[in-house]
Amino acid sequence: MNFVHMRSEWAPNVSRELMAGLVVALALIPEAIAFSIIAGVDPKVGLYASFCIAVVTAFAGGRPAMISAATGAMALLMVDLVKDHGVGHLFAATILTGLFQIVAGALRLGNLMRFVSRSVVTGFVNALAILIFLAQMPELLGQGNTVYLMTAVGLGLIYGLPYLTKAVPSPLVTIVLLTGVSMYFGLGIRTVGDMGALPSELPWVALPQVPFTLETLWIILPVSLTLTMVGLLESLMTAAIVDEMTDTTSDKNRECAGQGAANIVSGFFGGMAGCAMIGQSVINVTSGGRGRLSTLLAGVFLLFLIVVLGPYVAQIPMAALVAVMIMVSLNTFQWRSARMLLTHPKSSSFVMLGTVVVVVATHDLAKGVLFGVILSGLFFAHKVTRFFKVESTRDDAAGVRTYAITGQIFFATAEAFHSAFDFREEDLKGVVIDLHASHFWDISSISALDRVVLKFRRHGIPVEVVGMNEATANMVERLGTHDKPDAILQAPGH
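For the structure given in this document, a descriptive report is provided here. Values in this document were obtained by computation on a predicted structure and should not be read as measured data. (Residues numbered from 1 in each chain as written. Predicted model: local features only at pLDDT ≥ 70, side-chain atom pairs only at ≥ 80, totals over all residues. Heavy atoms only, no water.)

**What to know about the pairing of strand S4 (residues 400-409)**
Stage number 1. Sheet topology places strand S3 (residues 389-395) next to S4; seven bridges connect them, and they run antiparallel. In the strand pairing of S4, Arg 394 is matched with Arg 401.
Stage number 2. Between S3 and S4, which follow one another and run antiparallel, lie four residues, and Gly 399 among them has a positive phi close to 70°.
Stage number 3. As defined by bridge partners, S4 adjoins strand S5 (residues 430-440) across nine bridges and the pair is classed as parallel. Within the sheet, the bridge partner assigned to Ile 409 lies in S5 and is Phe 440.
Stage number 4. Regarding topology, helix H19 (residues 414-419) serves as the crossover connection from S4 to the parallel S5, and that connection is right-handed. (Pairing = 2+ DSSP bridges. Helix = DSSP H or I, 4+ residues; strand = E, 2+ residues; numbered from the N terminus. Right-handed = clockwise from strand over helix to strand, strands pointing away.)

**What to know about the packing of aromatic side chains**
Stage number 1. Enumeration over the complete set of coordinates arrives at 12 aromatic pairs.
Stage number 2. Relative to Phe 185, the ring of Tyr 184 lies with its centre 5.0 Å away and its plane at 85°, an arrangement referred to as edge-to-face. The pair formed by Tyr 184 and Phe 185 is uniform in burial state, with each residue classed as exposed.
Stage number 3. Residues Phe 423 and Phe 456 carry aromatic rings whose centres are separated by 4.8 Å and whose planes lie at 50° to one another, so their mutual orientation is tilted. With Phe 423 in the loop between H19 and S5 and Phe 456 in helix H20 (residues 443-458), this pair connects stretches of sequence that are 33 residues apart. Grouping residues by exposure puts Phe 423 and Phe 456 together as buried.
Stage number 4. Grouping aromatic residues by their ring pairs yields a cluster made of Tyr 403, Phe 417, Phe 421, Phe 423, Phe 440 and Phe 456.
Stage number 5. Directly above the aromatic system of Phe 423 lies the positively charged group of Lys 455, at a separation of 5.2 Å from the ring centroid. (Phe/Tyr/Trp six-rings, centres within 6.5 Å; stacked < 30°, edge-to-face > 60°. Buried < 20%, exposed > 50% of the residue type's maximum accessible area, 1.4 Å probe, protein only. Lys NZ or Arg CZ within 6 Å of the ring centre and 35° of its normal.)

Structure representation (structure tokens):
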């Protein structure tokens, strides 16, 4: 790796990477504490996890400038495990999650992202923007006029300062100024310190305090598998979004393995499992972060802030961070998608809206994306079936009927393919099935072809299949029966 490539990957602009990392670190603190509370563990568990995961993914991840840390989606999956078995089992489950994610990277499961449609990605982004916005409401609604005013001033600074200067990220200026105002005037509003106690010591490596038995494995296995799937799904989706924002590409399989390495380190250092955070990643990119250095600095600054500057960080008013996160939600939402609802195909709009509704209703990003992917697949299958047709002509002199097949034959069109043939036609001496304009995709389609040929033969009518492309011919050779000696028509279910 030459110096130019390393510079572009790590720090295209050192000062911007520095500022972006600091902004992200400040925004990570209250979220890490909140996610720890959700999981039912000490705030330091989420804070140590965010430090470890950010630092490790800076080196091992496949998407520069993406921020990974403790997240709400992962925290929700840990609640029952912590409640029933304690924090030791959580650390063990985190390490096992990391191992599974490294295996996923080795198996190149990151390539599965190509099957997630653009409509699902848009729905995922919009739903996440809505969830980020709604998550700020408890810190805003009912907190008094002072909080409303501070939040409004914060938003004004965030959006107004770039018109004057872009030398310093406006969210960072907002946090510093509002903290100074709050401390100087003694406003008495909620601060980061009110979220939970900040740790004062460095994390240290240790083995999880659990029995190393098969019983322990069976306890943590289902949780680890769920954490693996949700973590990789969110991370790969976030990587795709950062790709789009920066007009660059990322290594999805390396990201899978990088997330795994980060979770293993987190588990050994007393942290919970985490994954990529779209909100923090958007903050990083919009603050100028483009390389791995901003991710690394976010983790380093986070630890420095909580251990060394903890008393000062505790004074940051939540209203300042609410303003930053509202900016994130507004910038994350794909506003153009709302205007495109009437112009895009109805199926695409339905997939996007369905993904949004499921995510917002369940607060589970994985369920929403899974719903969207399944819906996209069903719409695609339906669309393909519309281009399938069978045309037939008869040579009366020879008594031969030719069936010309056009389109894709697979599970959704296999029955229509079978139903297109007339097995009781009178005075039929032969059948030709012309496959020049078709392609067979799966065992359902091959089975349908077998049934057609063998049914005609049962009626004493010879069949000639012509025009198979190479891929179809290979599938027939491997899976078909009609071209084998002594082939007979099997009864349904055999």
